[in-house]
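For reference, the chains in residue letters:
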Amino acid sequence: MSLLEHCTTARLGDRQVKRLGYGAMQLAGPGVFGPPKDPGAALAVLREALEQGVDHIDTSDFYGPHITNQLIRKALHPYPEQLRIVTKVSARRDAQGAWLPAMSPAELTAAVESNLRNLGLEQLEVVNLRSMHGLHAPAEGSLEEALTALAELRERGSIRHLGVSNVTPTQIAEARRLVPIVCVQNAYNLANRHDDALIDDLAREGIAYVPFFPLGGFSPLQSQGLTAIAAELNATPMQVALAWLLQRSPNILLIPGTSSVAHLRENLAAAQLQLPAEVVARLDRWSELNE
Ligand SMILES: NC(=O)c1ccc[n+]([C@@H]2O[C@H](COP(=O)([O-])OP(=O)(O)OC[C@H]3O[C@@H](n4cnc5c(N)ncnc54)[C@H](OP(=O)(O)O)[C@@H]3O)[C@@H](O)[C@H]2O)c1
């Protein structure tokens, strides 16, 4: 039986996907730059994800750059019918790996073409416009020019759906006036709850919320309280962090990232972990948990 056999699903555009998916960013080299040390291990992670029932992979052509998409293509193409690959555009890398904005219509068009080519697809299921108004956190600034360019590519058939990432509620409202938005991808986890109200608003509107850094990102969450709760439940801290997100709201789709098959299996098994209400209440008081 696969680890996601009984995983619940949620809406992503006009499809249903399993609520536990996979984020491919960790497959590139250190700093998400260049190739991985062991490309064979990266291919094994991707193949294992599909074996275990993953039908939603998050990626971008600026991971590597190009490397992550090329690994996905090498490992999984021709893709199974049910697999949804979601990508993002709006950044480029310099020769040292720095992240630079690339939000002009010409850069966005080139990025969509590059994603299509490297993934070996004729249409991208969902393209997230990742706002570069803020690098590490959302910052206000209009997305109109960029979204208008992406909407044209959607009209031409290169893109099926659009989403937005690293955005404020004002930017989401602006985006929704311009084009249908099927998902929002912002940083959110047990320790970063800035988007609490936004998640509930999006749930009411039928829009998926896809937290990035669900495990805390490059420095995964560490807390004695979380470790103690995990031990009580015979689970791991990362599984508790993911189960809490799954129980937080039905419109949340998870894309935890890992470069390890063992971590991948551990994370996918969180689909089977039900947290008692009393545990959710303790986790909700994250700062007290760590006193
Ligand atoms: N839109 C955006 O701006 C944006 C930004 C960042 C990420 N993303 C997307 O979101 C996805 C998820 O974010 P993320 O990968 O950066 O962060 P994450 O999922 O919060 O955490 C990944 C980190 O946790 C470690 N990890 C994973 N599973 C573990 C386990 N079971 N036990 C211990 N450590 C574990 C990984 O190391 P190992 O490799 O050693 O397992 C890696 O260091 C990415 O893959 C990417 O697709 C989007």
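Structure: see above.
Note that this is a predicted model, so its numbers are computed, not measured.

1. Brief notes about the overall build of the protein chain
In step 1: Along the backbone of the protein chain there are eleven helices and eleven strands.
In step 2: When its C-alpha atoms are laid out on the principal axes, the protein chain stretches across 55 × 40 × 35 Å.
In step 3: Burial statistics for the protein chain: of 291 residues in total, 55% are counted as buried.
In step 4: Taking the intrachain contacts of the protein chain between residues at least 6 apart in sequence as the baseline, contacts between residues at least 24 apart amount to 74%.
In step 5: When the accessible area of the protein chain is evaluated, it comes to approximately 12,700 Å², of which 51% is carbon and sulfur surface.
In step 6: Each charge class in the protein chain can be summarised by its mean position, and for the 25 positive and 31 negative side chains these summaries are 3 Å apart.

2. Remarks on the site of the ligand
In step 1: Looking at the ligand, there are 26 residues lining it, with Asp 58, Leu 215, Thr 258, Ser 259 and His 263 nearest.
In step 2: Between the ligand and Gly 23, the relevant distance is 3.2 Å, taken from an oxygen atom to a main-chain nitrogen or oxygen of the residue.
In step 3: Burial of the ligand by the protein chains amounts to 88% of its free accessible area of 900 Å².
In step 4: Here the element with the most residues in the shell around the ligand is helix α9 (residues 261-268); it accounts for three residues.
In step 5: Taken together, the residues of the shell around the ligand break down into eleven nonpolar, eleven polar and four charged.

3. Re the environment of Gly 64
In step 1: By the secondary structure assignment, Gly 64 is in the loop between β4 (56-58) and α2 (67-76).
In step 2: Sequence spacing of Gly 64 and Gly 13 is 51 residues, and the spatial spacing of their C-alpha atoms is 27 Å.
In step 3: With sequence-adjacent residues up to four places away left out, Gly 64 is seen in contact with Ala 28, Val 32, Phe 33, Gly 34 and Arg 93.

4. Quick notes on the packing of aromatic side chains
In step 1: Tallied over the full model, the rule gives seven aromatic pairs.
In step 2: With centroids separated by 5.6 Å and ring planes inclined at 85 degrees, the aromatic side chains of Phe 62 and Tyr 63 adopt a geometry described as edge-to-face.
In step 3: For Phe 62, a relative accessible area of 7% puts it in the buried group.
In step 4: Looking at Tyr 63, the relative accessible area reads 6%, which means it is buried.

5. Structural notes on the pattern of salt bridges
A side chain of one charge can pair with a side chain of the opposite charge when the charged atoms of the two come close.
In step 1: A complete count under the given rule lists 16 salt bridges for this structure.
In step 2: Notably, a salt bridge pairs Asp 284 with Arg 193, separated by 3.1 Å at the nearest N-O pair. Here the residue Asp 284 occupies a position in helix α10 (residues 277-284), and Arg 193 occupies one in the loop between β10 (181-185) and α6 (196-205), the gap between them amounting to 91 residues.
In step 3: Arg 282 is the partner of Glu 232 in a salt bridge, and the nearest nitrogen-oxygen pair spans 2.9 Å. One end of the pair, Glu 232, is in helix α7 (residues 224-232); the other, Arg 282, is in helix α10, with 50 residues separating them in the sequence.
In step 4: One connected set of salt bridges, linked through shared partners, spans Arg 193, Asp 196, Asp 200, Arg 248 and Asp 284.

6. Things to note about the sheet that holds β10
In step 1: Across the sheet, which stays open at both edges, the seven strands sit in the order β3-β4-β5-β8-β9-β10-β11 with parallel pairing between neighbours. The open sheet has two edge strands, β3 (22-23) and β11 (208-209), and neither has a second partner.
In step 2: As paired strands, β3 and β4 are joined by two bridges and run parallel to one another. Directly across from Gly 23, in β4, lies its bridge partner Asp 58.

7. Things to note about the environment of Asn 166
In step 1: Considering the arrangement of structural elements, one finds Asn 166 in the loop between β9 (159-165) and α5 (169-178).
In step 2: Each C-alpha atom of the pair Asn 166 and Glu 122 lies 26 Å from the other, and the pair is 44 residues apart in sequence.
In step 3: Leave out the neighbours within four places in its chain, and Asn 166 touches Arg 130, Ser 131, Gly 134, Leu 135, His 136, Ala 137, Pro 138, Gln 171, Gln 185 and Asn 186.
In step 4: Within polar-contact distance, the side chain of Asn 166 engages the backbone oxygen of Gly 134 at 2.8 Å.

8. Some thoughts on the packing of helix α8 (residues 237-248) against α10
In step 1: At a closest axis distance of 11 Å, the pairing of α8 and α10 adopts a crossing angle of 100 degrees. Classed by the angle they form, the pair α8 and α10 counts as roughly perpendicular. Two secondary-structure elements touch here, α8 through Val 240, Trp 244 and Gln 247 and α10 through Val 280, Leu 283 and Asp 284.
In step 2: Split into classes, the residues belonging to the contact of α8 with α10 amount to four nonpolar, one polar and one charged.

9. Observations regarding helix α4 (residues 144-156)
In step 1: Between its first and last C-alpha, α4 extends 18 Å over 13 residues, near the 18 Å set by a 1.5 Å rise per residue.
In step 2: Among all positions in α4, only Ala 146, Leu 147, Ala 149, Leu 150, Ala 151 and Leu 153 are buried.
In step 3: Among the structural elements, β5 (84-89), α3 (105-119), β8 (124-130), β9 and α5 are those in contact with the buried residues of α4.
In step 4: Of the residues one or two after α4, Gly 157 is the one with positive phi, at around 100 degrees.

Criteria and thresholds
Residues numbered from 1 in each chain as written. Predicted model: local features only at pLDDT ≥ 70, side-chain atom pairs only at ≥ 80, totals over all residues. Heavy atoms only, no water. Helix = DSSP H or I, 4+ residues; strand = E, 2+ residues; numbered from the N terminus. Buried < 20%, exposed > 50% of the residue type's maximum accessible area, 1.4 Å probe, protein only. Contact = heavy atoms within 4.5 Å. Areas by Shrake-Rupley, 256 points an atom, 1.4 Å probe, with all protein chains shown as cover. Lys, Arg positive; Asp, Glu negative; His and termini not counted. Charge placed at Lys NZ, Arg CZ, Asp CG, Glu CD. Near = heavy atom within 4 Å. Polar contact = N/O pair within 3.5 Å; in protein donor to acceptor, adjacent residues only side chain to side chain. Nonpolar A, V, L, I, M, F, W, Y, C, P; charged D, E, K, R; others polar. Phe/Tyr/Trp six-rings, centres within 6.5 Å; stacked < 30°, edge-to-face > 60°. Salt bridge = Lys/Arg side-chain N within 4 Å of Asp/Glu carboxyl O. Pairing = 2+ DSSP bridges. Axes fitted to C-alpha atoms, helices over the stretch in contact; angles between N-to-C directions. Parallel < 35°, antiparallel > 145°, perpendicular 65-115°, else oblique. Expected span 1.5 Å × (residues − 1).

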